[in-house]
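Observations on chain architecture
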Amino acid sequence: MPGSKSNLVSLHEDVINDTSDLSEMKISDEKGSVEKRTMTLIEKNGYHDSVYINAAKIFQGIHTEKRKDRILVRYGDDSVSPRLTFKDEYSQRVSYELAFNALKYQDLLEEILLDSCVYPCQSIPDELTSLLVVMLYDLQDRKFQAREIFDEEEPVAEVRKIEGYLHSFRTKLAAALARCRIKHDALSIEYILPETIRKQEQRASALPLCVWINTYKISLQDVFRDLEKKGFTRVETVSDFDRYTYCVDQHCHDVLVFPSSLKEELLNLDLFADCKLLLQDKSRSLAVHSARALLNTGDDIIVAHIGSHLTIAHMSVLTNHSMSRIFVCGVKSSAKAAELRNLFSHMGCKNIQLLHEDFTEIGPTDPRLQKAKVLLLLPQCSGLAVGNPIDFILNEHGGLLRDLFQGSVSEDKLSILAERQLNELMHAMKFNKVQAIVYCTCSVYPEENELVVKKALESGVEGNKVQPYRLTPPVFSTCSNSKTSTEIFFKMEPSEISSGCFLAILAREKDSSEKVSVKDILARAAAKGLLDGMVVEKSKEEEKKHPKVTQRRSNITGGSIEPKIAEVLHRQTVSTIKAEVSVSKAVSNIHQKNVNRTKSYVQLKKSINPVSDTALPKVLKHTSPLSSMGKAYQRQTLARKARAEHKRVVLKPVEIVLPPVITPYVSPQGRKPRVSTHCFHGWTGAKASSGRILPPPLAKVVKPPVLSHPRPWL
C-alpha cells in the first residue's frame, strides 16, 4: 500500500527520465490479459483505487510548472522517480488517460479548487495535490456522482480520504465549474481548451484504425471471409468508408484499415482476442515492411530498441519463411524477458532472440550478429507526428507526454534527442556485416529526421575498408497497391486519415570491382530486351539502381543458367537464319526486275567491300562451321559436274554466320570449285538467249581476283 508521501512524488523531469520508459514497468497478468486482449466500453462509474494512485504519480511528473510568482497550487517534491505497477493493460491505459486528461485541464481544475475554497486544505499535504486534481477531473466527468466501489479491490487509504473530502464539497465544486463555463462561454469543458488542442483531439479521435494480420495464426483470405461473415464489407479506399467497412492499406498488404467508430466492437472480436489481428500505428508497419524488403533468405536482422513487442512480432511474422533470426537489444531484466517470451509464444513467434545489452553497448564484431544484414533503428523521438499520444506512449514505451500535449518540444530537449539519435545511427553504421539500415521516427522536426541522416552519412564512420552507405528510396510489399517511390525519404504528414512518420533507408554501395557473372550478363541482356521476355534475375548493377522488392523472384541456380544461355543462342541463330533467307529473297526479286546491268553492278560495288587475298585465309581461319542451309546448298552445287565449261552461271548470295563464312561454288566446266573473294549478297545480270542469267561485264579498273588454289585454307 503506497504511503502518502513516498509513493506520490514526481517522476524525474529530464529528457532521459521524463520519457515514460514503460520497459521497466511491471504489468501483472492476474486477469489473463495475454489470453484476451479486449477493451470494453468504459462506463463512467469510476476506477479502482490503484488506477488513481498510478495516474497521480504520472501527473506529478508531467504537470505544467508555473513561475514562482504565479504558483497558487503546490504539488510537492518531484525529485524521486517512483516505480509504477499495473494490474493489467487496461489499468495501464486508463491510468495514462486519466493523467493526460488532468494535464489538459490543469488550469481549469486548479481554478475550480481555488474558486470553491476546497484548496488549500490543512489536512491534505502538497504531496497529495496530484491525487486531488486527478480525482477532481474524474468526479466532474461523472457529473459529481458517487463512485462505484469494487468489492474485490484492496482499498487505498489516501484515495478514500481524497474521495470523501471532494464528495463533501461536491455542490461547491459543481457551482465553481458552472461559473467557469459561463466565464468562458463554453457549452462543455472541451470548449475551454485552446482551439489547436481541440482540433488535435478531434483529429486523433477520427483517425482510422490500422491492424495487421498475424499470419502465424490465420491467413489473409480467412480473415477476409471471417470479416464478411460478421457483416463487414471490403472497400477500395478510406474515402469509401461507411460504418461496417474496411480496406487494405496501399503500402502494406497485410494491414487492414477500419473506421475509428468501430474500435470498441473490433476489440471485442475473437480475431483480436486470439491475437490474429493486432492494433498498431501504421508507421511501425511501414518500417517493418521496408526492413523485410531488404532481407535475403537466411539473413538476420537487428532491432536496436525493444520498443513495442507488436513491432517485433510483426517482423517475425514477415520473416517466417526466410529462416531469419531477429535480435532484439535492450531487454535488461529477466522478468521483462520472460514476459516478452510469453507474449511472443502466444502470438506464435519463434525466431526472436533477446539481448540484455543496450544497442550502443554491443560491439560491431559481436559473433552473435555476424549474419545480420539489416538493422532496424526506431530511436526514441519527440513523437509529435502521432495522432493518439496515449497509444504511442503505451505501445512504443517512450515519448514526452507533456510535450505531446503541448504540441512542441523545447530546443534543449530537441537537441539532446537529436544527438542521441545521431550517436545510435553512427553506431549502427559501424557494423561491417550489415548491408542496410532502416531509420524511422514519428517526429515532425528535421533535426530528428533529415539532418540526423545527413550528418551520419557525412561522418564516414563506417571506415575505408567497407563500402560506404548511400540513401535509397524505401520499397514496400509488391502485393500492395503503392507505386514505387522515387523520393529518397519517405514522409507522411499528420492528417485526418493517418499519423505522420519519417523513413530513411541507408544501403551500402556495391563494389564496382566485382566480377561480372553470367547472371549479370543475362540480366543486362533482358533489361535491353535481347531475351524476348525471358525472366531472369536482376543483375548486380540493376540492384544498385533499383532497391529490392519484398517478394523476390527465386534466384537462378547454376543448373538453370545453361539452358537459358542455350535458348538465347538458339534464338539468335534462328533470327540470323531468318535474316539470311529474307536477304536471299530480296536478291531474287532484284534478279527478276531486269534492271540496268551497269547501274546495278555499280550500286553493288559501292555497297560491298571486297575481301583481299591476303586477308582471306586469316578470316577463314576463325570461321565457324557452315550453317545447315549452307551445307545443303554446297551439296547441290557439287552435283552439277556435267555442265559445260563455257556456260556461266550467276554467283549465288553468300550465307553469312558470325563470324562470316564464304561459300564455295563449282564452275560448270571444271570440277574445281571457284571461290569468289567478294562478300556479295548477290549478283544481277541479263538473261541470255538460252534463258540462263549472265553476269554483267566487269569494269576494267576493278577485277575480281581468282584464287589459283580451290582450298586456300588447307
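Sequence order as written defines the numbering, with residues in each chain counted from 1. Since the coordinates come from a predicted model, pLDDT governs what is reported: local features require at least 70, and pairs of side-chain atoms require 80 or more to be given and counted, while whole-chain, interface and lining totals use all residues. Note that the side-chain values use all heavy atoms of the structure and ignore hydrogens as well as water.

Of the regular secondary structure elements, the chain holds 24 helices and 19 strands. Using a 1.4 Å probe on the protein chains alone, a residue whose accessible area is under 20% of its type maximum counts as buried, one over 50% counts as exposed, and one in between counts as partly exposed. Buried residues in the chain amount to 46% of all 714 residues. Considering only residue pairs separated by 6 or more positions, the chain has 78% of its internal contacts joining residues 24 or more positions apart. Working definition of accessibility: Shrake-Rupley area with a 1.4 Å probe, residue cover restricted to the visible protein chains. Of the roughly 36,900 Å² of accessible surface on the chain, 52% is carried by carbon and sulfur atoms. Helix and strand definitions here come from DSSP, where helices need a minimum of 4 consecutive H or I residues and strands a minimum of 2 consecutive E residues; each element is numbered from the N-terminal end. Note on contacts: a residue pair is in contact if any heavy atoms of the two residues lie within 4.5 Å.

On to helix α6 (residues 157-168), then. For α6, which comprises 12 residues, the first-to-last C-alpha distance of 17 Å matches the rise-based estimate of 16 Å (1.5 Å per residue) to within 8%. Within α6, the full set of buried residues consists of Glu158, Val159, Ile162, Glu163, Tyr165 and Leu166. Looking straight down α6, one finds its buried side chains confined to an arc of 165°; they lie on one side. Tucked inside the fold, the buried residues of α6 contact α2 (49-62), α5 (129-141) and α7 (170-184). One fewer than the residue count of a helix, multiplied by 1.5 Å, yields its expected span. For this quantity, the arc is that covered by the directions from the helix axis to the C-beta atoms.

Before going further, it helps to examine the pattern of salt bridges. What makes a salt bridge here is a side-chain nitrogen of Lys or Arg within 4 Å of a carboxyl oxygen of Asp or Glu, nothing more. In the structure shown here, the tally under the stated rule is 22 salt bridges. Salt-bridge contacts for Lys104 lead to Glu201; the nearest nitrogen and oxygen are separated by 1.9 Å. Residue Lys104 is located in helix α3 (residues 89-104), and its partner Glu201 is located in helix α8 (residues 195-206); the two are separated by 97 residues in the primary sequence. Glu201 gets classed as partly exposed once you look at its relative accessible area, which sits at 26%. Here the salt bridges share partners, and the residues they tie into one network are Asp49, Arg147, Arg160 and Glu163.

Glancing now at the sheet that holds strand β6 (residues 255-258). Here a strand pair is declared whenever DSSP counts at least two bridges between the two strands. Ordered in space as β4-β5-β6-β3-β7, the 5 strands form an open sheet in which the pairing is mixed. Strands at the two margins of the open sheet, each flanked by one partner only, are β4 (233-234) and β7 (277-279). Note that β4 and strand β5 (residues 245-248) share 2 bridges and pair parallel. Opposite Arg234, over in β5, you have Tyr246 as the bridge partner. Note on geometry: axes are C-alpha line fits, over the in-contact stretch for helices, and angles between N-to-C directions span 0 to 180 degrees. On top of the sheet, helix α13 (residues 309-318) reaches β3 (209-213), β6 and β7; it is set at about 40° to β3, its chief contact.

Here the focus is the packing of aromatic side chains. How two aromatic rings sit relative to each other is given by the distance of their centres and the angle of their planes. Between the rings of Phe, Tyr and Trp (Trp by its six-membered ring), a pair exists once the centres lie within 6.5 Å; its type follows the angle of the planes, with under 30 degrees stacked, over 60 edge-to-face, and the other angles tilted. Counted under the stated rule, the structure contains 12 aromatic pairs. Seen in terms of ring centroids, Tyr439 and Phe502 are 6.4 Å apart; in terms of plane orientation they differ by 75°. Their pairing is edge-to-face. Residue Tyr439 is located in strand β12 (residues 436-441), and its partner Phe502 is located in strand β15 (residues 501-508); the two are separated by 63 residues in the primary sequence. Ring centres 5.2 Å apart and planes at 40° place the aromatic pair Phe489 and Phe502 in the tilted group. With a gap of 13 residues between them, Phe489 in the loop between β13 (469-472) and β14 (490-492) and Phe502 in strand β15 connect regions that are remote in the sequence. Phe489 sits in the partly exposed class, given a relative accessible area of 22%. What links up through ring pairs into an aromatic cluster is the set Phe224, Phe232, Tyr244, Tyr246 and Phe258. Lysine and arginine charges are scored as sitting over a ring when NZ or CZ, respectively, is within 6 Å of the ring centre and within 35 degrees of the ring normal. Its guanidinium or amino end placed over the ring of Phe224, Arg234 lies 4.6 Å from that ring's centre, counting from NZ or CZ.

Contact geometry for α5 and α6: axes closest at 10 Å, N-to-C directions at 55°. Put simply, α5 runs oblique to α6. In this structure, α5 meets α6 at a crossing whose hand is right-handed. Of α6, the residues touching α5 (which contributes Leu131, Leu132, Met135, Leu136 and Leu139) are Glu158, Val159, Ile162, Glu163, Tyr165 and Leu166. Three residue categories are used. Nonpolar comprises Ala, Val, Leu, Ile, Met, Phe, Trp, Tyr, Cys and Pro, charged comprises Asp, Glu, Lys and Arg, and polar comprises the others, including Gly. Taken together, the residues of the contact of α5 with α6 break down into 9 nonpolar, no polar and 2 charged. Each angle receives one of four descriptions, namely roughly parallel if under 35 degrees, roughly antiparallel if over 145, roughly perpendicular if within 65 to 115, and oblique otherwise. By convention the crossing between two helices is left-handed if the near helix lies anticlockwise of the far one by an angle smaller than a right angle, and right-handed if it lies clockwise.

A negative phi angle characterises most non-glycine residues, just as the trans form characterises most peptide bonds. That bond from Tyr119 to Pro120 is cis: its omega, 0°, falls within 30 degrees of zero. For Pro120, the position within the fold is in the loop between α4 (106-115) and α5. Positive phi, close to 60°, is recorded for Phe144, a residue that is not glycine. Position of Phe144 relative to the elements: it lies in the loop between α5 and α6. Phe144 gets classed as buried once you look at its relative accessible area, which sits at 14%. A positive phi angle, close to 50°, is found at Asp185, a residue other than glycine. Tracing the chain through its elements places Asp185 in the loop between α7 and α8. For Asp185, a relative accessible area of 72% translates into the label exposed.

By secondary structure assignment, the location of Glu110 is in helix α4. Distance and chemistry together define a polar contact, namely a pair of N or O atoms within 3.5 Å, with one atom able to donate a hydrogen and the other to accept it when in protein, and with adjacent residues in sequence counting only for side-chain atoms on both sides. Among the polar contacts listed, one links the side chain of Glu110 to the side chain of Tyr75, at a separation of 2.6 Å. In this view, Glu110 contacts Lys66, Val73 and Tyr75; residues no more than four positions away in its chain are not counted.

Further remarks concern the packing of α4 against α5. Running from amino to carboxyl end, α4 crosses α5 at an angle of 95°, the nearest separation of the two axes being 10 Å. As summarised for this structure, α4 and α5 are arranged roughly perpendicular, according to the angle between their axes. Facing Leu109, Ile112 and Leu113 of α4, the residues of α5 in contact are Leu132, Val133, Leu136 and Tyr137. By residue class, the composition of the contact of α4 with α5 is 7 nonpolar, no polar and no charged.

Considering every residue of the chain, the mean pLDDT works out to 75; 62% of them sit at 70 or more. What pLDDT reports is the predictor's confidence in each residue, on a scale of 0 through 100. Taken as a whole, residues 536-562 scores under 50 in pLDDT and shows 53 contacts with residues more than four places along the chain or in a different chain. pLDDT under 50 marks residues 665-693. Its contacts with residues more than four places away, or in other chains, come to 87 contacts.

Over its 14 residues, helix α14 (residues 334-347) runs 20 Å from end to end, which matches the ideal 20 Å to within 8%, given 1.5 Å per residue. Every buried residue of α14 is listed here: Lys336, Ala337, Leu340, Leu343, Phe344 and Met347. Buried residues of α14, viewed axially, fall in a sector of 125°; they line one side. Exposed residues pointing more than 90 degrees away from the buried face of α14 are listed as Ser334, Ala335, Arg341 and Ser345. Considering only its buried residues, α14 is in contact with β7, α13 and β10 (352-354). Following α14 by one or two positions, Gly348 adopts a phi angle in the positive range, close to 95°.

Next up on the list: the pairing of strand β8 (residues 300-303). Alternating residues of β8 divide into Asp300 and Ile302 and Ile301 and Val303, and every residue in both groups is buried. Two strands pair when backbone bridges link them, and β8 and strand β11 (residues 372-377) are joined in this way by 4 bridges, in the parallel orientation. Note that in β11 the partner of Asp300 across the bridge is Ala372. Direction of pairing for β8 relative to strand β9 (residues 326-328): parallel, over a ladder of 3 bridges. Along β9, the bridge assignment pairs Ile301 with Ile326. Clockwise travel from the first strand over the helix to the second, with the strands pointing away from the viewer, marks a crossover as right-handed. Handedness of the crossover is the feature at issue here: the chain leaves β8, passes through α13, returns alongside β9, and the resulting connection is right-handed.

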